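# Fold and contact review
Listed below, chain by chain, are the residues.
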Amino acid sequence: AQSVTQPDIHITVSEGASLELRCNYSYGATPYLFWYVQSPGQGLQLLLKYFSGDTLVQGIKGFEAEFKRSQSSFNLRKPSVHWSDAAEYFCAVVVQGAQKLVFGQGTRLTINP
Amino acid sequence: DSGVTQTPKHLITATGQRVTLRCSPRSGDLSVYWYQQSLDQGLQFLIQYYNGEERAKGNILERFSAQQFPDLHSELNLSSLELGDSALYFCASSAGFPGQSGANVLTFGAGSRLTVL
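Turning our attention to the pattern of salt bridges. Inspection of every chain in the model, using the stated rule, returns eight salt bridges over all chains. A salt bridge links A:Arg77 to A:Glu66; its shortest N-O distance comes to 3.2 Å. Highlighted residues: A:Arg77 in strand β9 (residues 73-78) and A:Glu66 in strand β8 (residues 64-68), separated in sequence by 11 residues. The partly exposed category is assigned to A:Glu66, whose relative accessible area is 23%. Notably, a salt bridge pairs B:Arg22 with B:Glu75, separated by 4.0 Å at the nearest N-O pair. Of this pair, B:Arg22 sits in strand β3 (residues 19-24) while B:Glu75 sits in strand β8 (residues 74-78), and the two are 53 residues apart along the sequence. Classification of B:Arg22 as partly exposed rests on a relative accessible area of 33%.

Spelled out as structure tokens, the structure:
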């Protein structure tokens, strides 16, 4: 079955430390890939997306993600986190030609001062 | 402000009741999506409309229905409410024809939080 997996339910990092959030998908073909962020009480905001081309994608707020076809992964990274990055992060995929985003279960990020 | 407007922000009602959630998409977007977010199920796709027509259906219960009107706003109707329907309901919109890559770039509203007592 098609699925999106975010293995880490909750991650805690110190402010200024680097961050990597994992995302794996199981689809037959390369899907379109997305990362969204949800701050408390807010809707989801698109951080970045991958459709094709360069496998390293730059997004907003200093985030980047790398698509690795061989690992069916699309991990989100940030070199130095800020306290304002505390939020829930969702990886999402859609099969090309399909019409719905499928979301992972989310990773809650806590930032220690 | 994402440009997608959802009302009401909060709604408390009793089991067995019926509610309507409203969504105005971002200006120029023809597609509207509804998602349900709950602690146990995560973000679940419910239904999608494009320019007034239903385009895709997900895990939407028979007690739920939706439509998109000629002015492109959409309503999600939830009836015979149960405790388990308590959730955050998101509307999202996108430009582009369904199936095109751009159609999958969704802009989300802030959500409507439904509490069923």
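Picking up where we left off.
Moving on, we get to the sheet that holds strand β7 (residues 64-68) of chain B. All names here are of chain B. Taken in spatial order, the four strands of this open sheet run β1-β3-β8-β7, and their pairing is antiparallel. At either margin of the open sheet sits one strand with a lone partner, and together these are β1 (5-7) and β7. Adjacent strand axes in the sheet meet at a mean angle of 15 degrees when their direction is disregarded. Of the strand pairs in this sheet, β7 and β8 are connected by five bridges, and their pairing is antiparallel.

How each quantity is defined
Residues numbered from 1 in each chain as written. Chains lettered and ligands numbered in written order. Predicted model: local features only at pLDDT ≥ 70, side-chain atom pairs only at ≥ 80, totals over all residues. Heavy atoms only, no water. Salt bridge = Lys/Arg side-chain N within 4 Å of Asp/Glu carboxyl O. Helix = DSSP H or I, 4+ residues; strand = E, 2+ residues; numbered from the N terminus. Buried < 20%, exposed > 50% of the residue type's maximum accessible area, 1.4 Å probe, protein only. Pairing = 2+ DSSP bridges. Axes fitted to C-alpha atoms, helices over the stretch in contact; angles between N-to-C directions.

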